[in-house]
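Topology and contacts: notes
Residues per chain, in single letters:
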Amino acid sequence: MSTENYDPYYPDQPVVDQYLPVWASQHAFGHKPAFIWADDDDRRSGGTSSYTALTYSQLNAAVQRMARNLLETVSRGDTVLLLASPGLRLVKLIFACQRAGLVAVPVIPPDPSKLGTSAAGEAHRHLIRAVSQTMPSAAVADAGYIDTVMKSLVSTLKSLRWVPVCRLESRPSSVTVADDNAGRAGYGGCGPGETYLIQYTSGATGAPKPVVVTAGAAAHNVRAARKAYDLHPGSVVASWLPQYHDCGLMFLLLTVVSGATCVLASPAAFLRRPRLWLELVAEFGATCTPVPSFALPLVLKRGRRRSDPEHGARPLQLGTLRNLILVNEPIYKSSVDEFIREFGPAGLDASAVSPSYGLAENCTFVSTAWRGTETKIRSDRMSLPSYKKLLPSARLQSPAQETDEIEIVVVNGDTGEPVEDGVEGEIWISSPSNASGYLRLPSASREAFRASLRGRAGTSFVRTGDCGVVRGTERYLYVLGRSADAIAINGQRRVHAHYIETAAFDSSPDCLRGGCVAAFATSPSSLVVVAELQKGKGHTQLSNICDGIRRAVWKEEGIRVGSIMLVESGGLPKTTSGKLRRGSAREKLLAGELPKVFVAHYAEHAVVSTSAWLQNGSTEMDECRTSWVVPQAGGEMVVMASGNASQRVRLQSSL
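A few points on the structure. Just so we're clear, the structure is a prediction, and the values are computed from it rather than from any experiment.

Analysis parameters
Residues numbered from 1 in each chain as written. Predicted model: local features only at pLDDT ≥ 70, side-chain atom pairs only at ≥ 80, totals over all residues. Heavy atoms only, no water. Salt bridge = Lys/Arg side-chain N within 4 Å of Asp/Glu carboxyl O. Helix = DSSP H or I, 4+ residues; strand = E, 2+ residues; numbered from the N terminus. Buried < 20%, exposed > 50% of the residue type's maximum accessible area, 1.4 Å probe, protein only. Core = buried A, V, L, I, M, F, W, Y, C linked by side-chain atoms within 4.5 Å. Domains from an automatic or database assignment. Contact = heavy atoms within 4.5 Å. Pairing = 2+ DSSP bridges. 1 Å grid on protein atoms, 1.4 Å probe; cavity = no way out; pocket = protein on both sides within 12 Å on 5 of 7 lines; lining within 4 Å. Points joined across faces, edges and corners; volume = space filled by probe spheres on them.

We now examine the pattern of salt bridges. Overall, the coordinates contain 28 salt bridges when judged by the stated rule. Note that Asp 421 is salt-bridged to Arg 475, the shortest N-O span being 2.9 Å. Placement of Asp 421 in the loop between β17 (417-418) and β18 (425-430) and of Arg 475 in the loop between β20 (462-471) and β21 (476-482) is noted, with a sequence separation of 54 residues between them. Residue Asp 421 is classed as partly exposed on the basis of its relative accessible area, which comes to 40%.

Right, here's the structure in full:
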């Protein structure tokens, strides 16, 4: 697609930060809000939400001041760790680092009270990893956070040079119009070819990797997204995505490149009260909002009731929304259809649905299947096709592809040859948005960033590790799942884990946690499902939950599950962005480290054989074991269950 700005009055800049003085100097934009922070605490206590706005002129001045203050502590080209709390301060910091010519490493701040304790979780491990890999010259955080770190026992963190973010903001500034004009004439920040960001991959299929992003690649990426979503100065974005991660961070940059306004809220606020997201869309007349696909069923479950004060009593008006951007595959058509049925009466147009694809190795944005600019008639039904229950994430045959700068190819990963449409393969991407590689990981960088198609010497592709297929006359791309998470059934058929997990969850949605079911194989012939139970439900028929999971997976996917483990809420390992870490879950299961509540082990032909992982993680197994015969299609299945004594009594009484 062509990423040239379609408005000649506002020419594109080589890096994103250089858009700020352009907007700030325009009379129509200087006093326009660039970002608005929504604080939901007052509304939760019965009041109204409070909002803090940051105009383009205020943002530009703050960025200039903070950039100068940063350079009093570090030197141009240094790496700086950003641990400021989500909010407008972090927005300013991200742009200030680019203007100061620094390499920013945004990292989610782990709970400081747990640093160095046995309760420290994945966020703490990720912070230590980032410090070790990026070797920052300084770390910026809130003053209170720094005080807690210095009182902890974590020497790796205490040895860093800490800078309170309030100090960067509060020092007097000598910014003048002349300074800004000189800055545009001789920009001293990150150049297009210089690294400005280290952003980590999610770590869903392995350890998170540090992706090196240049300022020019990031600018190209958000210009491509601006064109794809038809964003402009009249657009209003509503986002609660984490500002530390690629998609949430990209929409900060995309807002500035478009000259738009972005309304921000914290991820924690959304999780506490999912309806907040739609209230912000309605209150500010948002035209664009990016959300992970899991947000739709979460809102349907906890935020759809209009008369419940806890979920928000105000009526919603969603008619302004042109882009409901869905990220994080898989994107199930059924959940989108249900969402449209629920909120269509509130004005949500089905043509606004924008299934999209992105990854950190291409800065973020790759593609979208949105047809909004072509659809002029409002509709309550999507015009997008589906394949294997999923919506497409790209449309490769479209008018915008005539000058395409982001090339997407589905390839046979073993031979490096493109496959025919309709054949599944690995998705490869070639683009000016491609990142430079993984920091200090040369071998992994060569493998992921230097792939080449047979007969296409000189063009490098990023190997995404995602499985996809192109179908239809308009060549829709369907992202089927991570290749590493595909499960081989009987050594032949390969099934993507999310299909099994979805069937399992749908069998007991009132008992299991959505997005907290993991499926994987512990051997070529042993399929295991691990599911988190909801808190406070008083589950009494755990064996029935397991049986329901097994029946549902067989009915939907034709696959027999060998073992099912129900675990405590929060028991499955996840990334800092909330993605399941199936490989890690498998390792914890085999090591007996999952917080088991109940286990059902199914064996064919009435032969019960306790697997190694069941023995390893169950010291109560001999005491609490019971077996029963469950009729199944095709023969009887002997089931063995383990749990605590009270669960055993309930189980035996139900037989």
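Now, onward.
This paragraph deals with the nonpolar core. Residues Phe 35, Trp 277, Phe 339, Ile 549 and Leu 566 are the most contacted members of the largest nonpolar core, which totals 165 residues. Counting contributing residues per domain, this core is built from domain 1 (407-483) and domain 2 (488-601), each supplying no fewer than three. Residues in contact with Phe 339, not counting those within four places in the same chain, are Trp 277, Leu 278, Leu 296, Val 299, Leu 300, Leu 324, Gly 344 and Leu 348.

The next thing to look at is the pairing of strand β25 (residues 526-533). Among the eight residues that make up β25, eight are buried, leaving the element largely enclosed by the rest of the structure. Burial of β25 is two-sided: the residues Ser 526, Val 528, Val 530 and Glu 532 facing one way and the residues Leu 527, Val 529, Ala 531 and Leu 533 facing the other way are all buried. Both strand β24 (residues 512-523) and β25 contribute to a ladder of seven bridges, which runs antiparallel. The residue of β25 that forms the bridge with Ser 523 is Ser 526. Connecting the antiparallel pair β24 and β25 is a turn made up of two residues. As defined by bridge partners, β25 adjoins strand β26 (residues 563-567) across five bridges and the pair is classed as parallel. Opposite Val 528, over in β26, you have Ser 563 as the bridge partner.

Rolled over the atoms, a probe as big as a water molecule pinpoints where empty space is left. All told, the structure shown has six cavities of 30 Å³ or more when counted by the stated rule. Each pocket or cavity is described by its volume, and for the largest cavity that value is around 120 Å³. In terms of lining residues, the largest cavity is bounded by 13 residues, among which His 126, Tyr 200, Thr 201, His 245 and Thr 576 are the most central. Listed by contribution, the elements that provide at least two residues to the lining of the largest cavity are α6 (122-134) and β7 (195-200).

So, on to unusual backbone geometry. With phi around 55 degrees, Asp 230 is a residue other than glycine that occupies positive phi space. Considering the arrangement of structural elements, one finds Asp 230 in the loop between α11 (215-229) and β9 (236-239). By relative accessible area, Asp 230 is classed as partly exposed at 24%. Of note in the backbone geometry, Lys 388 takes a positive phi value of approximately 50 degrees without being a glycine. Checked against the element boundaries, Lys 388 lands in the loop between β14 (365-368) and β15 (394-395). A residue is classified by how much of its surface remains accessible, and Lys 388, at 42% relative accessible area, is partly exposed.

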